[in-house]
Amino acid sequence: MHVRAMAPADAPVVARIQRDAWRAAYAGIVPADYLAAMDLVALTRTWAARITHDMPALIGYVACDTRHRVIGYVVAGPHRDPAGDDAAEIRAIYVAPDRHGEGVGRSLMQAAAVGLRAAGFGAVRLWVFVDNTPARAFYETLGGTAGQRHTFKLGGALLEEIDYRWPKLARLCV
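Residues numbered from 1 in each chain as written. Predicted model: local features only at pLDDT ≥ 70, side-chain atom pairs only at ≥ 80, totals over all residues. Heavy atoms only, no water.

Focus: the sheet that holds strand β3 (residues 70-78)
To be explicit about the condition: Here, a strand pair is defined by DSSP locating no fewer than two bridges between the strands. Comment: elements are numbered from the N terminus, with helices defined as DSSP H or I runs of at least four residues and strands as E runs of at least two. A fitted line through C-alpha atoms serves as each axis, taken over the contacting stretch for helices, and the angle formed by two N-to-C directions is quoted from 0 to 180°.
Overall, mixed pairing links the seven strands, which are arranged β1-β2-β3-β4-β5-β7-β6 in an open sheet. In this open sheet, the two strands that pair with only one neighbour each are β1 (2-5) and β6 (145-154). Within this sheet the neighbouring strands show an average axis-to-axis angle of 25°, counted without direction. As paired strands, β6 and strand β7 (residues 157-166) are joined by eight bridges and run antiparallel to one another. Pairing of Lys153 across the sheet is with Leu158, part of β7.

If you want it as structure tokens, here you go:
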């Protein structure tokens, strides 16, 4: 496996990974009709625009298998709700459901940490659904600590997220 910068040509596979990962990880958390309605064409258009227009302000990496197929991705950048510190935010990290347990997520988190550190950030945070216990356990194995919670509406349901924090970004770079 290797990690490289995300490119516009990655939009279709990134969209597919997002849809498939959401459907696998968020079943029973996000309303089923919302997950079923995730449109691959629309997601691909959204990702093509993000990669083309947002990447100067964000960093994006994809993990590829030995046959150069994209099997996961991460996008990070300035925290959307800065709290007066130098924290960045992991805005999305997803791995193809059939590739869990292979170290893909860890490699993507490390790549994001290195890229964020090079961009001048000293800390990083991310949001995860409170009920997503496998993801929360993963972030805790990487040294993340749970922080504040917030509730928002998605697909007609009230969902709760919790943020995970790494106050010393360098610890994720190893």
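Considerations on the side chain of Glu89
Here is the rule: The criterion used for residue contact is that any of the two residues' heavy atoms lie within 4.5 Å.
The topology assignment puts Glu89 in strand β4 (residues 87-95). In this structure Glu89 touches Val75, Ala76, Gly77, Pro78, His79, Arg80, Val124, Arg125 and Trp127, once residues within four positions along its chain are discounted.

Let's talk about the side chain of Gln18
Our working rule: In this scheme, a residue with accessible area under 20% of its type's maximum is buried, one over 50% is exposed, and one in between is partly exposed, where area comes from a 1.4 Å probe on protein chains only.
Among the secondary structure elements, Gln18 is positioned in helix α1 (residues 11-25). Look at Gln18 and you get buried, because its relative accessible area is 12%. Residue contacts for Gln18: discarding those within four places in its chain leaves Met38, Leu43, Trp47 and Tyr73.

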